Amino acid sequence: MVKKKYNISVEATLEVIGGKWKCVILCHLTYGKKRTSDLKRLMPAITQKMLIQQLRELEQDGIVNRISYNQVPPKVEYELSEYGWSLKSILDSLCAWGETHIIKHYGDKFAVLEDNVLNH
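Residues numbered from 1 in each chain as written. Predicted model: local features only at pLDDT ≥ 70, side-chain atom pairs only at ≥ 80, totals over all residues. Heavy atoms only, no water.

## A short note on the overall build of the protein
Counting secondary structure elements, the protein contains six helices and three strands. Reading the protein from its N terminus to its C terminus gives the helix and strand order α-α-β-α-α-β-β-α-α. If you line up the protein on its principal axes, its C-alpha atoms span 50 × 40 × 25 Å. Sorting the 120 residues of the protein into buried and exposed places 28% on the buried side. Within the protein, contacts between residues at least 6 apart in sequence are counted, and of these 44% link residues at least 24 apart. A total accessible area of about 8600 Å² is found for the protein, and carbon and sulfur atoms account for 55% of it. If you average the places of the 17 positive and of the 14 negative side-chain charges in the protein, the two averages end up 5 Å apart. (Helix = DSSP H or I, 4+ residues; strand = E, 2+ residues; numbered from the N terminus. Buried < 20%, exposed > 50% of the residue type's maximum accessible area, 1.4 Å probe, protein only. Contact = heavy atoms within 4.5 Å. Areas by Shrake-Rupley, 256 points an atom, 1.4 Å probe, with all protein chains shown as cover. Lys, Arg positive; Asp, Glu negative; His and termini not counted. Charge placed at Lys NZ, Arg CZ, Asp CG, Glu CD.)

## Notes on the UniProt feature "domain: HTH hxlR-type" (unreviewed entry) in the protein
Annotation from UniProt places "domain: HTH hxlR-type" (unreviewed entry) at residues 8-106. Secondary structure across residues 8-106 comprises 60% helix and 14% strand; the distance between its end C-alpha atoms is 33 Å. (UniProt positions renumbered as here; feature names shortened; annotations may be inferred.)

## Points about the sheet that holds strand 3 (residues 75-80)
Pairing is antiparallel across the open sheet formed by three strands, whose spatial order is 1-3-2. Two strands lie at the open edges of the sheet, namely strand 1 (34-35) and strand 2 (64-69), each paired on one side alone. Sheet topology note: the strand 1/strand 3 ladder contains two bridges and is antiparallel. Each residue of the ladder has a partner; that of Arg35, found in strand 3, is Glu77. (Pairing = 2+ DSSP bridges.)

## Some remarks on the pairing of strand 3
The side chains of a regular strand alternate, first on one face of the sheet and then on the other. Bridge count between strand 2 and strand 3: six bridges; the pairing is antiparallel. Bridged to Asn65 within strand 3 is Glu79. Taking the residues that link successive antiparallel strands as the turn, the strand 2-strand 3 hairpin has five residues.

## Observations concerning the side chain of Ser81
On the secondary structure map, Ser81 appears in the loop between strand 3 and helix 5 (82-85). Of the residues examined, Ser81 reaches a relative accessible area of 5% and is grouped as buried. Here the side chain of Ser81 touches Gly62 through a polar contact of 2.5 Å, landing on its backbone oxygen. Those residues in contact with Ser81, other than ones at most four positions away along the chain, are Gly62, Ile63, Val64 and Asn65. (Polar contact = N/O pair within 3.5 Å; in protein donor to acceptor, adjacent residues only side chain to side chain.)

## Some points on unusual backbone geometry
For the peptide bond that leads from Val72 to Pro73, omega is -5 degrees, which places it in the cis range. Looking at the element boundaries, Pro73 is found in the loop between strand 2 and strand 3.

This is the structure in structure tokens:
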């Protein structure tokens, strides 16, 4: 195993949940299991390829569980792992800060936020 060195511990956090989509995926999964198609519908700007890639990386890091059902047609769901749930307070803080930033920058948060369950 290669020994990794970080300058500051937040680098390790960002290595796992950094980027444009991972935190968004994780926020949606705090509301329960989701199929890939559910996540795609909730995040229309993400490509299918990117969604699958991000889910695989989160699975490899032990943040999400991939549940495959042995049926026809095949069914796969994703959920937060126990380890993934440990990120809940971080995700809540990021959402709260983002809302404060939107209000400060744009005034009305509903003018710029999509109408979905995460924004109520």
